[in-house]
Amino acid sequence: MSAELDILIDKKFLLDLPVYQPGKPIEEVQREHKLKAVIKLASNENALGPSPKAVEAIKQSLKTIHRYPDGGAYYLKHRLAKKLGVGASSIILGNGSDELIVLTLRALIGGGDEVIVATPTFLIYEIAARACGATVVSVPLRHLRYDLPAIRRMVTAKTKIIFLANPDNPTGTYVTKEEVDALLDRLPPHVLVYFDEAYFEFVEERNYPNGLHYLARHPVMVTRSFSKAYGLAGLRIGYGVADARLISCLERLREPFNVNLLAQVAALAALDDHRHLAQTRKLVREGKRYLYRKFQELGLRYIPSATNFVLLDVGRDSHAVSQALLKLGVIVRDMTVWKLHQYLRVTIGTRAENERFVKALKKTLLRSSDKE
Ligand SMILES: Cc1ncc(COP(=O)(O)O)c(C=O)c1O
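Residues numbered from 1 in each chain as written. Predicted model: local features only at pLDDT ≥ 70, side-chain atom pairs only at ≥ 80, totals over all residues. Heavy atoms only, no water.

**Q** So what exactly am I meant to see when it comes to the packing of helix H5 (residues 97-108) against helix H9 (residues 244-253) here?
**A** Packed helices, taken two at a time, are described by their axes: the angle between them and the distance between them. Closest axis-to-axis distance for the H5/H9 pair is 9 Å, and the angle between their directions is 105°. In terms of their interaxial angle, H5 and H9 are classed as roughly perpendicular. Together, Leu103, Thr104, Arg106, Ala107 and Leu108 of H5 and Leu246, Cys249, Leu250 and Leu253 of H9 make up the contact between the two elements. Here the residues of the contact of H5 with H9 sort into 7 nonpolar, 1 polar and 1 charged. (Axes fitted to C-alpha atoms, helices over the stretch in contact; angles between N-to-C directions. Helix = DSSP H or I, 4+ residues; strand = E, 2+ residues; numbered from the N terminus. Parallel < 35°, antiparallel > 145°, perpendicular 65-115°, else oblique. Contact = heavy atoms within 4.5 Å. Nonpolar A, V, L, I, M, F, W, Y, C, P; charged D, E, K, R; others polar.)

Structural data, given as structure tokens:
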């Protein structure tokens, strides 16, 4: 680095932050492995595709993209407010729910404040918290689930935020209503609980707590995404719900047009596409059942999931397995970065994609057993 830049970049800790590694794009694998038919089951996207109503709404709006979007997203906010039973001033929209994680941290964190995250969990919490100068306190998962009593024990006078991915990524596990109630009973009011509910729409378990039900009881932020069940990952849109005073802080921090015009109309249409959502849930439910059965036949341990992906213990170096799968045109997520060295995370695909993945997995495991 030149001397000038060295002076300019005085936040040297930024250079030490881990870089978020997204799932490999299909085109990259096609190019690198000279393959035509590649399937991606690596980023927990919706295998069914986007809501047809959202696509139609986008088509209708294309002729107005020379205009700036509505910075306040009036229609979408009011539609969400009605659906969720909260005031529109308690809702903020983000460029993906990712952006709301960053905005919440920027609003609340000053140097020396502590943020509690589980390890491993969704990586953005730690990266974004450290980027804001927070001290990150990591609490290991217990049997691949959030350990809320252990998290409670780490709370100090400096703790500002506890991040709770519910359900969690990459494990697919969730914390129960009983566990959250017990945490909140003992939590001082200066700590915000951040319920990241990106996979909310997939959860069918009865004892799963809806973060919105805690709004009146404790400072919470609840975020959800249009990237998963609604199939709009490429448009980047998510929403957050919290006390109107916290939301108004975030509103001041965000960029004026953080959610683009097409994302707004698509999300609005997708919320009314009950058929697409029902079909998505069905596909995921049936896909999980199929994969669980196949994993059992292969003698592989998997973690039962409340989401649209499954964490799978391949019982050997998962990096090697994921590389071998890539050569067969199947992209899944190797969990080595999360330090889960024998695990792969696979997104539920269409029936044909799931079958192709299982076939490729069988072939790969057979080959690697032959070598042992
Ligand atoms: C737990 C969790 N939170 C948030 C996100 C971000 O979603 P979005 O696309 O809304 O930014 C993801 C995406 O994978 C996730 O797994």
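**Q** Where do I start with the layout of surface pockets in this structure?
**A** When its volume is computed, the largest pocket comes out at roughly 480 Å³. Tyr20, Ser43, Asp98, Phe122 and Lys228 are the residues nearest the centre of the largest pocket, which is lined by 27 residues in total. It is H5 that contributes the most residues to the lining of the largest pocket, 3 residues altogether. Partitioning the lining of the largest pocket into residue classes produces 11 nonpolar, 8 polar and 8 charged. Taken together, domain 1 (3-49 + 275-371) and domain 2 (52-273) each give at least three residues to the lining of the largest pocket, which thus spans both. (1 Å grid on protein atoms, 1.4 Å probe; cavity = no way out; pocket = protein on both sides within 12 Å on 5 of 7 lines; lining within 4 Å. Points joined across faces, edges and corners; volume = space filled by probe spheres on them. Domains from an automatic or database assignment.)

**Q** Can you help me understand H5 in this one?
**A** Since the α-helix turns once every 3.6 residues, residues separated by three or four places project in the same direction. Between its terminal C-alpha atoms H5 stretches 17 Å, which fits the 16 Å expected from 12 residues at 1.5 Å a residue. Of all the residues in H5, the buried ones are Ser97, Glu99, Leu100, Ile101, Leu103, Thr104 and Leu105. (Expected span 1.5 Å × (residues − 1). Buried < 20%, exposed > 50% of the residue type's maximum accessible area, 1.4 Å probe, protein only.)

**Q** Is there a simple way to think about the sheet that holds strand S12 (residues 333-334) in this case?
**A** Sheet strands associate in pairs through backbone hydrogen bonding, adopting either a parallel or an antiparallel arrangement. Strand order in the open sheet formed by 4 strands is S9-S10-S13-S12, with antiparallel pairing between adjacent strands. Of all the strands in the sheet, the pair left with one neighbour each is strand S9 (301-303) and S12. Strand direction decides the pairing type here: S12 and strand S13 (residues 343-347), joined by 2 bridges, are antiparallel. What sits directly across from Asp334, in S13, is Leu344. The strands touched by helix H12 (residues 318-327) are S12 and S13; relative to S13, the strand with the most contacts, the crossing angle is about 40°. (Pairing = 2+ DSSP bridges.)

**Q** I would appreciate a short explanation of the pairing of strand S3 (residues 114-119) in the present structure.
**A** Within a regular strand, the side chains alternate between the two sheet faces. Here S3 lies mainly inside the structure; 5 of its 6 residues are buried. Note: S3 against strand S4 (residues 135-140), 6 bridges, orientation parallel. Looking at S4, one finds that Ile116 is bridged to Val137. With respect to chirality, the unit in which S3 leads through helix H6 (residues 124-131) into the neighbouring parallel S4 is right-handed. Pairing between S3 and strand S5 (residues 159-165): 3 bridges, direction parallel. Across the sheet, Val115 pairs through a bridge with Ile161, a residue of S5. (Right-handed = clockwise from strand over helix to strand, strands pointing away.)

Scope: geometric values only; no functional claims are made or implied.
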